[in-house]
There are 2 protein chains.
Amino acid sequence: MEYLKVSQVLKEKPIGKEVTVKGWLRSVRKSKAFSFLVINDGSSQGTLQIIVDANSIDNYEKVSSLLNGACVRVDGLIVESGGKGQDVEMQGRIVEIYGETDDSFPLQKKATSLEFLREQAHLRPRTNLFGAVFRIRHQMAMATHNFFNDRGFYYLNSPILTAVDAEGAGEMFQVTNLDMNNLPKNDKGQVDYTTDYFGKETNLCVTGQLEGECFAMGMGSVYTFGPTFRAENSNTPRHLSEFWMIEPEVAFMDLDGNAKLAQDYIQYLIRYTMEKAPAELEAIDKYLAFSAKSNKEKFESHLPILEKVRDTKFEQVTYTDAIDILNKSGHKFEFKPEWGVELQTEHERFLSEIHFKGPVTVTDYPRDCKAFYMKQNDDGKTVRAMDVLVPGVGEIIGGSQREEDLGKLQTRIKEMGMSEDPLWWYMELRKFGTAPHSGFGLGFERAIRYVTGMNNIRDVIPFPRTPKSCDF
Amino acid sequence: MEYLKVSQVLKEKPIGKEVTVKGWLRSVRKSKAFSFLVINDGSSQGTLQIIVDANSIDNYEKVSSLLNGACVRVDGLIVESGGKGQDVEMQGRIVEIYGETDDSFPLQKKATSLEFLREQAHLRPRTNLFGAVFRIRHQMAMATHNFFNDRGFYYLNSPILTAVDAEGAGEMFQVTNLDMNNLPKNDKGQVDYTTDYFGKETNLCVTGQLEGECFAMGMGSVYTFGPTFRAENSNTPRHLSEFWMIEPEVAFMDLDGNAKLAQDYIQYLIRYTMEKAPAELEAIDKYLAFSAKSNKEKFESHLPILEKVRDTKFEQVTYTDAIDILNKSGHKFEFKPEWGVELQTEHERFLSEIHFKGPVTVTDYPRDCKAFYMKQNDDGKTVRAMDVLVPGVGEIIGGSQREEDLGKLQTRIKEMGMSEDPLWWYMELRKFGTAPHSGFGLGFERAIRYVTGMNNIRDVIPFPRTPKSCDF
């Protein structure tokens, strides 16, 4: 008998055909004469209802007493369904029980909070909500690869282990193979890293950009898509210690090209997800509406905003003009907008939500707000940086044209009190056949959070890592 | 004027059209009246020849004196080429020099060894050989996502930071945020990890399998594709400390299904790469032939073997029968094949190259050779493990059906002297709605090495990490 996934049964509707399905019980309604089993196998948002007749299966007592979460194989006949919201159902003939469950099954409880489910991250994929989130995550990953591949970009696996602090940000995790309880010391009483695995201090990457530049300056257009790490002590719904990032880097592209690429990518991500996972987006929206109602909170679906971002040309404004707009707006901000200081989220949201009423790219930030590698403008004050702001969250993408002039880069590094030595290879990209180039970074989980509407970033990554939390 | 990538010019052949191209000089042939510039922009293996006429460009002296590696923009007319091996060439009108280079450019030298180029990993993408390798790497990554996506698998980002030693192998990197020169100690004088970032000892993952099982047991079919780490002190052409792995995990799939999936995947990888990157495979093959000739070594192209693996049904044999075959072969092995001991590479290669003359999947290995999670056979001696062996390297894939019976798994964990405690969540997959499931792992770089024919695994990853080596 042919084994079909539930998604195939729902799509192909093989009415009159005997098939096999396998999955986990989402609900069981039992009566003396017959019972309804509802199963899901993760292949889609959909479930299949199976009717088992007490007279036609051997193990009826056992089957009809199964609890939610039990796993079964069912052979049966697909028939047209009289039920609401379903075209087909199955008349079960043989039910094999793969695995039962018992009262201690954590997902039995009707109301399971997101906080509680984070402690049960190994079982989250079995829920309606998280099935939807992680299928969307998959679609957004596929969208990413398709988008860049279609445009002739090459996928680059930048290194995870690194001896370079690319952002100069400090907040890095250290990686070692030394016996922590018996550390070798040098003459000065400091840890002697010469005997460590790599012979020196090594960290987890915070970005793949610098290595991305190496590859862009040879292969033209590349993108990374891999894990990055921040050892910040930030316990917020927007921060993870381990998160995935997408970083395109393109030779011969200036900041305008960069802004265009960012717009095209974001819009593609939204369009692709809406096409491939409409049922998932709807299921999450329903959950969020229900959840808001339970908490007596106002609910407004984010889906219309998504559609707007998908369909609207992004505005573009310089940082200097943006500060001007904010100051002339008459709006009362917690932090007063001031030239020379990074925009706050409240400023970003005002710009995209109130002023531009749509996505907007802010360019040419003050030099002192930004990293050493950004291309310096002739005004001596600003750099060719850009942040893409979208309604609902504010900044979603940050990027820049890179400084391709060796001398200017060297001067800037000196000014910032950094050392050129660990960056000798990065400098050589400017020494040997330099060229204009640009790129940006998108935090994958932040993008998923935006597209799904999920509030907490811990709920859009399979196993979240945050301060004091590294379970599973 | 329209900017075209070199790959577009070569493919579209826009004869009679004025276009812009940008790229790095691969060679310059200078004469008084005109010069030939050959450029590549990384978009493909191909190069474009540009003729510049001393009388028709302003900066002829400068342009014709450029060295290999310099970066230029050229506006010009695409014309039919009289030259051998090229359909079109360009008559340059305007040459803008983005970046010159000088005699210290490391790639100037005619003979640049692979060892030397590893020290110049930031410039490797500019070479003919590594452009080919990394474009193939990209195609194999795309092939992987397409293969699994087409079959309804969901991409899973399993965690990189973990507190679990999944393989019980020990050789893990430790991750910490503590000040190594001032470690907090507990009463017993040991490091006090309660103040570390995650509040406990944390490592880099060696596999995503256990988390893959969590997701397979809810979403049905999933695959990981991410970095994994081994702190082994192995300095060989086959080992990396940081490498990417692909691990599919499928609910309701048994070992035969697993073997079939592995065959389909390997064959798809080869077919896709041969279709998408024939010029790259040819370029590498030429390099390897040239290199062998220079070293007065015999050269045999690996491409016919690849084609055979792509087109041949994989044989299947049990470990027990394989040992029998080896012992009856009369072949003299360095290590005598013996039941209960893992197969050596020489055994694996004999099986696939000499005996089966093609790919072969060996199943049902002795229990004591394998990890705790493999499904136990009724004979009490073997487990439902499988290794896929291919001519040329031996093992390329390892996998198994997983033990889905809670009691058997608990017994095995106890027998092996392991603790269940850190695996409570893994055990719960068996307690709540367990089901048969299987999966395997493929080392991405080992696969790239196999498909490209490159000898050293350090030459198929952008920035290799090996003992005492973590540069760039």
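Structural data are supplied above this passage.
Residues numbered from 1 in each chain as written. Chains lettered and ligands numbered in written order. Predicted model: local features only at pLDDT ≥ 70, side-chain atom pairs only at ≥ 80, totals over all residues. Heavy atoms only, no water.

**Examining the overall build of chain A**
Alright, step 1. A tally of helices and strands in chain A yields 13 helices and 17 strands.
Alright, step 2. Projecting the C-alpha coordinates of chain A onto the three principal axes gives extents of approximately 85 × 60 × 45 Å.
Alright, step 3. The buried share among the 472 residues of chain A stands at 60%.
Alright, step 4. Split by element, the accessible area of chain A, about 19100 Å² in all, is 47% carbon and sulfur.
Alright, step 5. For chain A, the distance from the average site of its 57 positive side-chain charges to the average site of its 68 negative ones is 5 Å. (Helix = DSSP H or I, 4+ residues; strand = E, 2+ residues; numbered from the N terminus. Buried < 20%, exposed > 50% of the residue type's maximum accessible area, 1.4 Å probe, protein only. Areas by Shrake-Rupley, 256 points an atom, 1.4 Å probe, with all protein chains shown as cover. Lys, Arg positive; Asp, Glu negative; His and termini not counted. Charge placed at Lys NZ, Arg CZ, Asp CG, Glu CD.)

**Some details on unusual backbone geometry**
Residues and elements named next belong to chain B.
Alright, step 1. Notably, Phe 252 is not glycine yet its phi reads approximately 70 degrees, a positive angle.
Alright, step 2. Relative to the elements of secondary structure, Phe 252 occurs in the loop between strand S12 (242-251) and helix H6 (255-276).
Alright, step 3. Even without glycine at this site, Lys 468 takes up a positive phi of about 65 degrees.
Alright, step 4. Position of Lys 468 among the secondary structure elements: in the segment after helix H13 (444-452).

**Section: the packing of helix H4 (residues 128-150) of chain B against helix H7 (residues 278-294) of chain B**
All names here are of chain B.
Alright, step 1. Where H4 meets H7, the closest approach of the two axes is 9 Å, and the angle between their N-to-C directions is 135 degrees. Of the possible angle classes, the one that applies to H4 and H7 is oblique. You can see that H4 and H7 cross each other, and the crossing is left-handed. Listed contacts from H7 to Leu 129, Ala 132, Val 133, Arg 135 and Ile 136 of H4 are Glu 280, Leu 281, Ala 283, Ile 284 and Tyr 287. (Axes fitted to C-alpha atoms, helices over the stretch in contact; angles between N-to-C directions. Parallel < 35°, antiparallel > 145°, perpendicular 65-115°, else oblique. Left-handed = near helix turned anticlockwise from the far one by under 90°. Contact = heavy atoms within 4.5 Å.)

**Quick word on the relation of the copies chain A and chain B**
Alright, step 1. When chain A is fitted to chain B, the best match, at an RMSD of 0.0 Å, comes from turning it 180 degrees and sliding it 0.0 Å along the axis. Taken together, the rotation and translation describe the operation of a two-fold axis. When each C-alpha of chain A is compared by its distance to the rotation axis, A:Val175 comes out closest, at 2.3 Å.
Alright, step 2. The fraction of interface residues of chain A whose copies in chain B are also interface residues reaches 100%, indicating that both copies meet through the same surface. (Least-squares fit on C-alpha atoms with pLDDT ≥ 70 in both.)

**Comments concerning the side chain of B:Gln267**
Alright, step 1. Assignment of secondary structure puts B:Gln267 in helix H6.
Alright, step 2. In this structure the side chain of B:Gln267 is engaged in a polar contact, spanning 3.3 Å, whose partner is the backbone oxygen of B:Arg310. (Polar contact = N/O pair within 3.5 Å; in protein donor to acceptor, adjacent residues only side chain to side chain.)

**A look at the interface of chain A and chain B**
Alright, step 1. If you look at the interface, chain A gives 116 residues, while chain B gives 116 residues.
Alright, step 2. Across the chain A/chain B interface, buried area totals approximately 9200 Å², and carbon plus sulfur atoms make up 61% of it.
Alright, step 3. The salt bridge involving B:Asp471 is made with A:Lys200; its shortest N-O contact spans 2.8 Å.
Alright, step 4. Seen at the junction of chain A and chain B, the total is 45 residue pairs in polar contact (both at pLDDT 80 or more).
Alright, step 5. It is helix H4 (residues 128-150) of chain A that contributes the most residues to the side of chain A that touches chain B, ten residues altogether.
Alright, step 6. For the side of chain A that touches chain B, a count of residues per class yields 56 nonpolar, 39 polar and 21 charged.
Alright, step 7. Both strand S9 (residues 174-176) of chain A and strand S9 (residues 174-176) of chain B contribute to a ladder of three bridges, which runs antiparallel. (Buried area = accessible area lost by both parts, 1.4 Å probe. Salt bridge = Lys/Arg side-chain N within 4 Å of Asp/Glu carboxyl O. Nonpolar A, V, L, I, M, F, W, Y, C, P; charged D, E, K, R; others polar. Pairing = 2+ DSSP bridges.)

**Some words on the sheet that holds strand S14 (residues 360-366) of chain A**
Residues and elements named next belong to chain A.
Alright, step 1. Pairing is mixed across the open sheet formed by eight strands, whose spatial order is S7-S11-S12-S17-S16-S15-S14-S13. Sheet topology places strand S7 (154-156) and strand S13 (315-318) at the edges, where each strand pairs with a single neighbour. Neighbour to neighbour, the strand axes of the sheet diverge by 25 degrees on average, direction disregarded.
Alright, step 2. Bridge count between strand S15 (residues 382-390) and strand S16 (residues 394-401): six bridges; the pairing is antiparallel. Each residue of the ladder has a partner; that of Asp 387, found in S16, is Gly 398.

Shape descriptors only; they carry no functional weight alone.
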